[in-house]
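Commentary on secondary and tertiary structure
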Amino acid sequence: MGLLDRLDNPYEIDGFFLGTVEDLLNWGRSKSDWYLSFGLACCAIEFMAINASHFDLMRFGSIPRATPRQADFIIISGTVTLKMADRIKKLYEQMSEPKYVMSMGSCSNSGGPYWEHGYHVLKGVDRIIPVDVYVPGCPPRPEAFFEGMIKLQNLINNQAIFRKRSSMSAEELAQLEERNQKQKEYMERAAIEYENYQETLKTGGMQNPDYNGKYTINLPKIRMIDHE
Amino acid sequence: MGQRKTIEIDYGAVDTDRMRLNMGPQHPSTHGVLRLEVELEGEIVTEVVPHIGYLHRCFEKTCEFMTYPQVIPYVDRLDYISSMNNEWPFVMGVEKLLGIQIPEKIEYIRVILAELNRIANHQIAVATFGMDSGAFTPFLYLFRDREMILDLFEKCSGGRLLYNYFWVGGLQHDIPPTFKEDCLAIIKKVRETNAEVNNLLIKNKIFIERITNIGILPADVAINFGCSGPVLRGSGVPYDLRKDEPYSIYDRFDFNVIVGEGAMGTLGDCWDRNIVRVNEMEESCKIIEQAIAQMPDEAVDVRALVPKRVKTPKGEIYCKTENPKGELGFYIVSDGSTQPYRMRTRATSFINLSVLPEISKGYMISDLIMILGSIDIVLGEVDR
Amino acid sequence: MNSNEIFDKLKSEFGDDIISLTEEKNYDPYITVKRKNIKQICLFLRDIDGLNFDYLVNLTGMDWGKELGVVYHLYSISLKHRIVLKVFLSKENPVIPSVERCWKSANWHEREAWDMFGIQFENHPNHIRILCPYDWEGHPLRKDYVEQETYHGMRVPV
Ligand code: SF4
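The notes below deal with the structure included here.

Basis of the calculations
For every chain, the first residue of the written sequence is number 1, and numbering continues from 1 onward in sequence order. Written order determines the labels here, with chains lettered from A and ligands numbered from 1. Given that this is a predicted model, residues contribute local features only at a pLDDT of at least 70 and side-chain atom pairs are listed and counted only at 80 or more, while totals for whole chains, interfaces and linings are drawn from all residues. Here the side-chain values reflect all heavy atoms present in the structure, with hydrogen atoms and water set aside. Contacts: residue pairs with any heavy atoms within 4.5 Å of one another. Accessible area, probed at 1.4 Å, shrinks when two parts are joined; the buried area is that loss added up over both. Salt bridge criterion: a side-chain nitrogen from Lys or Arg within 4 Å of a carboxyl oxygen from Asp or Glu. Nitrogen and oxygen atoms within 3.5 Å of one another constitute a polar contact, given that in protein one can donate a hydrogen and the other can accept it, and given that sequence-neighbouring residues count only through two side-chain atoms. We call a residue near a molecule or strand whenever a single non-hydrogen atom of that residue lies within 4 Å of it. The definitions used throughout rest on a 1 Å grid laid over the protein atoms alone, on which a cavity is an enclosed set of points accommodating a 1.4 Å probe that cannot get out and a pocket is an open set flanked by protein within 12 Å on both sides along at least five of seven lines; lining residues are those having an atom within 4 Å of a point. What decides whether a molecule sits in a cavity or pocket is whether more than half of its atoms lie within 2 Å of the grid points. The helix count covers DSSP runs of H or I at least four residues long, the strand count covers runs of E at least two residues long, and both are numbered beginning at the N terminus. In this classification, the charged set is Asp, Glu, Lys and Arg, the nonpolar set is Ala, Val, Leu, Ile, Met, Phe, Trp, Tyr, Cys and Pro, and all remaining amino acids, among them Gly, are polar. For two strands to pair, DSSP has to find at least two bridges joining them. Each axis is a line fitted through C-alpha atoms, and for a helix only the stretch in contact is used; angles between axes span 0 to 180 degrees, taken between their N-to-C directions. For patches, a residue must show more than 30% relative accessible area and have no salt bridge; joins then use 9 Å for like charges and 5 Å for nonpolar side chains, namely Val, Leu, Ile, Met, Phe, Trp and Tyr. Note on areas: Shrake-Rupley with a 1.4 Å probe; residue coverage comes only from the protein chains shown. Note on exposure labels: buried denotes an accessible area under 20% of the residue type's maximum, exposed denotes more than 50%, and partly exposed covers the range between, all computed with a 1.4 Å probe on protein chains only. Grid points are joined across faces, edges and corners, and a volume is the space filled by probe spheres set on the points. Here a pair means two rings of Phe, Tyr or Trp (six-membered ring of Trp) with centres within 6.5 Å. Their orientation is stacked below 30 degrees between planes, edge-to-face above 60, and tilted elsewhere. Placement of a charge over a ring requires the Lys NZ or Arg CZ to be within 6 Å of the ring centre, with the centre-to-atom vector within 35 degrees of the ring normal.

**Looking at the interface of chain C and chain A**
- Chain C puts 17 residues into the contact, and the matching count from chain A is 14 residues.
- Together chain C and chain A conceal approximately 1400 Å² of surface at their shared face, both sides included; 63% is due to carbon and sulfur atoms.
- Counting every contact that joins chain C to chain A gives 0 salt bridges.
- Linking chain C with chain A are 1 residue pair in polar contact (both at pLDDT 80 or more).

**Things to note about the site of the ligand**
- Taken together, the neighbourhood of the ligand is formed by 15 residues, with C42, C43, C107 and C138 of chain A together with R77 of chain B sitting nearest.
- Chain contributions to the surroundings of the ligand come from chains A and B.
- For the ligand, the cavity whose grid points lie within 2 Å of the majority of its atoms is the second largest cavity.
- Looking at the shell around the ligand, the elements that each hand over two or more residues are α3 (42-51) and α5 (106-110) of chain A.
- Of the residues contributing to the shell around the ligand, the split by class is 8 nonpolar, 5 polar and 2 charged.

**A closer look at the sheet that holds strand β2 (residues 30-33) of chain C**
All names here are of chain C.
- Spatially, 5 strands are ordered β1-β2-β5-β4-β3 in an open sheet, and the strand pairing comes out mixed. Both outer strands of the open sheet, β1 (18-22) and β3 (55-63), are each paired with one neighbouring strand and no more. Geometrically, the sheet is characterised by an average inter-axis angle of 20 degrees between neighbouring strands, direction not taken into account.
- Direction of pairing for β1 relative to β2: antiparallel, over a ladder of 4 bridges. What sits directly across from L21, in β2, is I31.
- Against the sheet, helix α1 (residues 3-14) contacts β1, β2 and β5 (82-89), and its axis sits at roughly 170 degrees relative to β1.

**Looking at a nonpolar patch on the surface**
All names here are of chain A.
- There is a patch of nonpolar side chains on the surface, built from V21, L25, I161 and F162 and spanning about 380 Å² of accessible area.
- Within the element layout of this structure, L25 appears in helix α2 (residues 21-30).
- With a relative accessible area of 40%, L25 lands in the partly exposed category.

**A closer look at the pairing of strand β3 (residues 35-41) of chain B**
All names here are of chain B.
- In terms of residue burial, β3 counts as a mostly covered element, since 7 of its 7 residues are buried.
- Judged by which residues are buried, β3 turns out to be covered on both faces: R35, E37, E39 and E41 on one side and L36, V38 and L40 on the other are all buried.
- Strand direction decides the pairing type here: strand β2 (residues 19-23) and β3, joined by 5 bridges, are antiparallel. Paired with N22 across the two strands is E37, which belongs to β3.
- As paired elements, β3 and strand β4 (residues 44-51) share 7 bridges and run antiparallel to each other. Pairing of E41 across the sheet is with I44, part of β4.
- Taking the residues between adjacent antiparallel strands as the criterion, β3 and β4 are bridged by 2 residues, where G42 takes a positive phi near 65 degrees.

**Regarding empty space enclosed by the protein**
- Overall, the coordinates contain 6 cavities of 30 Å³ or more when judged by the stated rule.
- One number sums up the size of the largest cavity: a volume of about 120 Å³.
- Lining the largest cavity are L155, N158, Q159, A160, R163, M168, E172, Q175, L176 and R179 of chain A.
- With 4 residues, the single largest contributor to the lining of the largest cavity is helix α7 (residues 170-202) of chain A.
- The residue inventory of the lining of the largest cavity, partitioned by class, reads 4 nonpolar, 3 polar and 3 charged.
- Within this model, the second largest cavity holds a volume of roughly 70 Å³.
- In terms of lining residues, the second largest cavity is bounded by 15 residues, among which C42, C43, C107 and C138 of chain A together with R57 of chain B are the most central.

**Details of the packing of aromatic side chains**
- Counted according to the given criterion, the structure contains 33 aromatic pairs over all chains.
- Relative to W64 of chain C, the ring of Y341 of chain B lies with its centre 6.5 Å away and its plane at 15 degrees, an arrangement referred to as stacked. In this pair, Y341 of chain B sits in strand β9 (residues 340-346) while W64 of chain C sits in the loop between β3 and β4 (68-75), so the two residues belong to two different chains.
- Residue classification places Y341 of chain B among the buried residues on the basis of a relative accessible area of 18%.
- By relative accessible area, which is 23% here, W64 of chain C ends up partly exposed.
- Among the aromatic residues, those joined into a ring-pair cluster are W88, Y108, Y165, F166, Y247, Y250, F253 and F255 of chain B.
- Here the basic side chain of K83 of chain A rests over the ring of Y134 of chain C, its NZ or CZ set 5.2 Å away from the ring centre.

Purely geometric numbers; function is a separate question.
Set out below in structure tokens:
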């Protein structure tokens, strides 16, 4: 008997509903994961279709957010190039904890069709940020994406907030360990990068290669239509 | 309603600081990973510098390591919204090198699928363009219809987005038995929705006011920048490879080349570019109808002419078709082996995007989004 | 106008700069020219009545093994004819005048040719890389290209 069955005939049950605060929190979190609205390549088009009327991602409680600060998880949908990799790292860092990463498509899993000769393609986004769910396919079918979505919800559902390690099952423990390990690796890399950044600051700061400081602009005359 | 009057403001004399604003590469309305460095005077754009290459996937280098049939999936991933159209010029080029003559029925199938994909592409273009301006409902309507087209493609090729369906010398599989009925059903639905979207969005007064008289691209500038497709036709130049140099069997169909007329404002503004796409859907429907009527009924083995091993003679050819976004061409250099020596892509979006700095100066920053949306780029093709 | 007439017209105007016209099976007819006066040749092709090549379809950088090259595909929207120009450049000194003045679309094409092949274009207004990052090393589409090991701490090869 699920919760909803009881709600159908509220007058017949007298009693109460037992659960833990952890379950309640996790249930709330897993049913309202907001994602960062952001796409990279072909997979992003498929993701748009997932979002639109036919497949309707919003029934999972997922709403697109335009800023990483409000997002719970980020979907890496497409090929990550080396030029883009720095940006993705920055986006990930801007998200607030707890945060999850979903890698959509072969490209972000492992480089996909470009893994051998793509000199400018990062072979797997997990080289720069920790990934929680991998969705295979080129592009993944919407059904496959939903499978990944359910995996992510389960992951959130089973996460321990207050529970002690001693009361966890072996499976949960392994999952926790894996996630912690990934996070640790990421933090180590980030620390090294931060040191490098401090070094570059000492030697005059980073150069912005795009700016060559010699834009001369002749302002055009502007026509505006005024409604009185 | 009061009277309209036009004020000329000369900001040249005003002494204010300009702001450099960085837009992208993860901005929701840059249609992918495009980064624009915008210089602003107040809210008015004075300079736009596009930085591209955030999706540079080494297409041309990869092709040099692949045999010709292996290249086709990579070609799909250039303009991933209109994959069927992408495969065509490449396949046609290799067939020309090999001297293969394609059976008539296959040509008809290719025309129908390419035109269907053109409709799907324009649906996305119009939908996202509407969404940029704040209209969300047409997006849902158009994507609902696009699913019908994708379903048909899936029945043919097994893929929803990237098909690998046009093969050198034929097709991957035969068409499904319900092909004709499906096509007719799609056309009917497309026409219905177009009427709906026309009322809802295209002829909406708010929308018209929003996008007329911005991003004006005169015809000579468009030609000089090498634009093609709806961007060039929106400026009133009737350049369409299907009519000018009919490839395949396009000379058998009766259809119009849609050009912008400046009906709502100045010739070559955002509205013109958008209306070209909307009306082209109708023309594509016409072509599909004629093709279905003319298509021979007898069954044909679509893989009969597919060579076991594609080994092209020495040669260099430039092969092009009219894609939904414009002229897509492949310059194939063959050194007589099974792999191309060099594959140069004339990427439509790449060239169309280069006109953006020219046409967005002097407008508001919010107009910049509309101008970018009206060019209809796809970053996979820009960066290759 | 067919390619023979175009060739004759160019030959009478530029003489030695125009090397040959090639029409073979499996080849689009192309004219080989010397690099020195390429800009004048392009302006001539664009502006003279009867030629009117107002549309630069494509500009390709090439690595022919021993030498580099640039290929121009031209089209005339008003007269509907095509021609291909080919220029060969030495590997030691791949410099060629920019045709950005003739067709604005050459701007990005030439930046790409610089990015991918290291061909330098004289008098180009913005001669920087376009697709690869600005601090990338090497020119990837050359046949002898070797990938760099790392970029910003990320491994580049598999
Ligand atoms: S996995 Fe396939 S569909 Fe997805 S981005 Fe990569 S190439 Fe495109």
